Amino acid sequence: MKIVIGSDHAGFPMKAGVIETIRAEGHEVTDVGSFNPEPVDFPDVARALCDKILKGEAERGLLVCGTGVGAVIAANKVPGIRASVCHDAHSAHQCVEHDDVNVMCIGAQIIGPWLAADLVRSFLTAEFSSDPDCRRRVEKLNAMDLARG
């Protein structure tokens, strides 16, 4: 799978380990920044990441910031993106299985590197459910995107 990753300055220290986990799981990864620990505006990084997904250059994305909150807010402003903050393994796979989430946001100041690796593996191995209820609900989310897009 093609994965795109981005971070702000608070997530920058954790990003290298996340990239290592993605590659160890056999996925391709594209990094859209930040590329150093200097302050950066997370909405700019989130937009660059979301654009890669919408253009079909990546199937899923991972955003790492201090808490994951700013990143998820920014990503969810982009029609066609369904982002979730995940700080536990259950949410990391269920957000894909039930809600077809395509961007997972994690907080480097909330979780440690070992949990980040578990979350990445859970997110990347999950598949969207074929359950008609899940499919219907995601179609309603898509309709909401079209109404605001």
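The preceding data block contains the structure.
Residues numbered from 1 in each chain as written. Predicted model: local features only at pLDDT ≥ 70, side-chain atom pairs only at ≥ 80, totals over all residues. Heavy atoms only, no water.

## Some details on helix α1 (residues 12-24)
- Taking 1.5 Å of rise per residue, the 13 residues of α1 would be expected to cover 18 Å, and the 19 Å separating its terminal C-alpha atoms lies within 8% of that figure.
- Here α1 has its buried residues at Met 14, Lys 15, Val 18, Ile 19, Thr 21 and Ile 22. Seen from one end, α1 has its buried residues packed into an arc of 160°, which puts them on one side. Of the exposed residues in α1, the ones pointing more than 90 degrees away from its buried face are Pro 13, Ala 16, Glu 20, Arg 23 and Ala 24.
- Gly 26, located one to two residues past α1, shows a positive phi value of around 90°. (Helix = DSSP H or I, 4+ residues; strand = E, 2+ residues; numbered from the N terminus. Expected span 1.5 Å × (residues − 1). Buried < 20%, exposed > 50% of the residue type's maximum accessible area, 1.4 Å probe, protein only. Arc of directions from axis to C-beta.)

## Describing unusual backbone geometry
- Here the bond from Gly 33 into Ser 34 is cis, since omega is -5°, no more than 30 degrees from zero.
- Looking at the secondary structure, you find Ser 34 in the loop between β2 (28-31) and α2 (42-54).
- A positive phi angle, close to 50°, is found at Asp 100, a residue other than glycine.
- With respect to the helices, strands and loops of the structure, Asp 100 is situated in the loop between α4 (89-99) and β5 (103-107).

## Some remarks on the packing of aromatic side chains
- Applying the stated criterion across every chain, the model contains 0 aromatic pairs.
- The cationic tip of Lys 15 hangs over the ring face of Phe 35; the distance from NZ or CZ to the ring centre is 5.3 Å.
- Residue placement shows Arg 60 over the ring face of Phe 123; its charged tip is 5.4 Å from the ring centre. (Phe/Tyr/Trp six-rings, centres within 6.5 Å; stacked < 30°, edge-to-face > 60°. Lys NZ or Arg CZ within 6 Å of the ring centre and 35° of its normal.)

## Section: the environment of Thr 21
- Here Thr 21 shows up in helix α1.
- Once the C-alpha coordinates of Thr 21 and Leu 124 are considered, the two residues, 103 residues apart in sequence, prove to be 10 Å apart.
- Once residues lying within four places of it in the same chain are set aside, the contact partners of Thr 21 are Ala 117, Val 120 and Arg 121. (Contact = heavy atoms within 4.5 Å.)

## As for the packing of α4 against helix α5 (residues 113-125)
- Taken N-terminus to C-terminus, the directions of α4 and α5 make an angle of 20°; their axes are 8 Å apart at the nearest point. By the criterion of interaxial angle, the relationship of α4 to α5 is roughly parallel. Classified by chirality, the crossing of α5 by α4 is right-handed. In this structure, α4 contributes Ala 89, Ala 92, His 93, Cys 95 and Val 96 to the contact, and α5 contributes Leu 119, Ser 122 and Phe 123.
- When the residues that make up the contact of α4 with α5 are grouped by side-chain class, the tally is 6 nonpolar, 2 polar and no charged. (Axes fitted to C-alpha atoms, helices over the stretch in contact; angles between N-to-C directions. Parallel < 35°, antiparallel > 145°, perpendicular 65-115°, else oblique. Left-handed = near helix turned anticlockwise from the far one by under 90°. Nonpolar A, V, L, I, M, F, W, Y, C, P; charged D, E, K, R; others polar.)

It is worth stressing that arrangement in space is one thing and function is another; only the former is reported here.
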